[in-house]
Amino acid sequence: MRLTKLEHSALVIDDSGALLFIDPGKFTTPITEAAGAVAVVITHQHDDHWTPEQLRRIGDVNPDLRVFGPAGVVRAAREQGIDVEEVHAGDRVEVGPFRLRFFGGQHAVIHASIPVIDNLGVLVDEKLYYAGDSFTVPEGVEVDVLAVPAAAPWMKIAEAIDYVLEVAPKRAFPTHEMLLSRAGKDLSNTRLTWAVEQGGGTFAPLEPGDTLDF
């Protein structure tokens, strides 16, 4: 399988031409090459992780597309006339060649004045794990590839470092990085590289368009 990092929170995974998109939001270049997509996973309802326009672009060329997300995403998408299948922590779904498991339940706290929404992490084929906007650890899973948030209003780099140390993935790469300058990305990558190496893993400082096979 081949993972391609897109801008900010978005990823696409290619398994012999079948595509799985994760979190295509407003900071991601409009997705125009989506033929073969079988599913989209949306971790939560914030628009840097999904927009109706991105979903329509993918769905227009894939009439059998399935979209998965927690209850808040289902409600928000319904208001836009888009159907999303509701999933919960502990659910397992098979779609095309992909096997999905969901973890967590809540978005990380941004501030006491801001309501906490639902958020689900997703494990793809027991190998790739992306927790959305949270530091939920997939208990009992040996993570091959971990998507690590580089920066966000809900986190500091120390938390991302501790998260990587706890998960101890074999490989990791940065996501959620569009709020950073070039200097900020370099600093974050340096800290996350150190954290991954403590568990014997390697860090790939992927930029949008870069790929990783797993």
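Residues numbered from 1 in each chain as written. Predicted model: local features only at pLDDT ≥ 70, side-chain atom pairs only at ≥ 80, totals over all residues. Heavy atoms only, no water.

- As recorded in an unreviewed UniProt entry, the chain goes by the name MBL fold metallo-hydrolase, listed as coming from Agromyces agglutinans.

Quick word on the environment of Thr-29
Part 1 of the reasoning: For Thr-29, the location among the structural elements is in the loop between β3 (18–22) and β4 (37–41).
Part 2 of the reasoning: Excluding anything up to four places from it in sequence, Thr-29 contacts Glu-7 and Gln-54.
Part 3 of the reasoning: Polar contacts involving the side chain of Thr-29 include one to the side chain of Glu-7, which spans 2.7 Å. (Helix = DSSP H or I, 4+ residues; strand = E, 2+ residues; numbered from the N terminus. Contact = heavy atoms within 4.5 Å. Polar contact = N/O pair within 3.5 Å; in protein donor to acceptor, adjacent residues only side chain to side chain.)

Looking at the sheet that holds β3
Part 1 of the reasoning: Strand order in the open sheet formed by seven strands is β6-β5-β4-β3-β2-β1-β14, and the pairing between neighbours is mixed. Each end of this open sheet is capped by a strand with a single partner; those strands are β6 (85–86) and β14 (211–213).
Part 2 of the reasoning: Bridging between strand β5 (residues 66–69) and β6 involves two bridges; their strand directions are parallel. If you follow Gly-69 over to β6, its bridge partner there is Glu-86. (Pairing = 2+ DSSP bridges.)

Observations regarding a negative patch on the surface
Part 1 of the reasoning: A surface patch of negative charge is lined by Glu-139, Glu-159, Asp-162 and Glu-166.
Part 2 of the reasoning: As for its position among the elements, Asp-162 is in helix α3 (residues 157–167). (Patch = residues over 30% accessible without salt bridge, like charges linked within 9 Å, V, L, I, M, F, W, Y side chains within 5 Å. Areas by Shrake-Rupley, 256 points an atom, 1.4 Å probe, with all protein chains shown as cover. Salt bridge = Lys/Arg side-chain N within 4 Å of Asp/Glu carboxyl O. Lys, Arg positive; Asp, Glu negative; His and termini not counted. Charge placed at Lys NZ, Arg CZ, Asp CG, Glu CD.)

As for the sheet that holds strand β9 (residues 118–124)
Part 1 of the reasoning: Pairing is mixed across the open sheet formed by seven strands, whose spatial order is β7-β8-β9-β10-β11-β12-β13. Strands at the two margins of the open sheet, each flanked by one partner only, are β7 (92–95) and β13 (202–203).
Part 2 of the reasoning: As paired elements, strand β11 (residues 145–149) and strand β12 (residues 171–175) share five bridges and run parallel to each other. Looking at β12, one finds that Val-145 is bridged to Arg-171.

Side note on the packing of aromatic side chains
Part 1 of the reasoning: Using the criterion set out here, one finds three aromatic pairs in the structure.
Part 2 of the reasoning: Geometrically, the ring pair formed by Phe-135 and Tyr-163 is tilted, given 5.1 Å between the ring centres and 55° between the ring planes. Remark: Tyr-163 occurs in helix α3 and Phe-135 occurs in the loop between β10 (128–130) and β11; sequence separation between them is 28 residues. (Phe/Tyr/Trp six-rings, centres within 6.5 Å; stacked < 30°, edge-to-face > 60°.)

Observations concerning the pattern of salt bridges
Part 1 of the reasoning: This structure, assessed with the given rule, holds 10 salt bridges.
Part 2 of the reasoning: Where Lys-5 meets Glu-177, a salt bridge forms, and the shortest distance between an N and an O atom there is 2.9 Å. Pair noted here: Lys-5 is in strand β1 (residues 2–5) and Glu-177 is in the loop between β12 and α4 (182–198), with a separation of 172 residues, a long-range link.
Part 3 of the reasoning: Residue classification places Lys-5 among the buried residues on the basis of a relative accessible area of 0%.
Part 4 of the reasoning: We classify Glu-177 as buried; its relative accessible area is 4%.
Part 5 of the reasoning: Between Asp-186 and Arg-182 there is a salt bridge, and its shortest N-O distance comes to 2.9 Å. Taken as a pair, Asp-186 and Arg-182 lie in helix α4 at a separation of four residues, close to a single helical turn.
Part 6 of the reasoning: A residue is classified by how much of its surface remains accessible, and Asp-186, at 38% relative accessible area, is partly exposed.
Part 7 of the reasoning: One network of salt bridges, with partners in common, ties together Arg-182, Lys-185, Asp-186 and Glu-207. (Buried < 20%, exposed > 50% of the residue type's maximum accessible area, 1.4 Å probe, protein only.)

Remarks on unusual backbone geometry
With glycine set apart, most residues show a phi of negative sign, and most peptide bonds adopt trans.
Part 1 of the reasoning: Of note, the phi angle at Glu-126 is positive, near 60°, even though the residue is not glycine.
Part 2 of the reasoning: Accessibility expressed as a relative area gives 31% for Glu-126, which makes it partly exposed.
Part 3 of the reasoning: One non-glycine residue, His-176, lies in the positive phi region at around 55°.
Part 4 of the reasoning: Look at His-176 and you get buried, because its relative accessible area is 3%.

Comments concerning α3
Structural remark: α-helix, 3.6 residues per turn; residues separated by three or four positions point the same way.
Part 1 of the reasoning: Residues of α3 that are buried: Ala-160, Ile-161, Tyr-163, Val-164 and Val-167. Burial along α3 is one-sided: seen end-on, the buried residues are contained in an arc of 160°.
Part 2 of the reasoning: The elements touched by buried residues of α3 are β10, β11 and α4.
Part 3 of the reasoning: Just downstream of α3 lies Ala-168, where phi reads positive at about 50°. (Arc of directions from axis to C-beta.)

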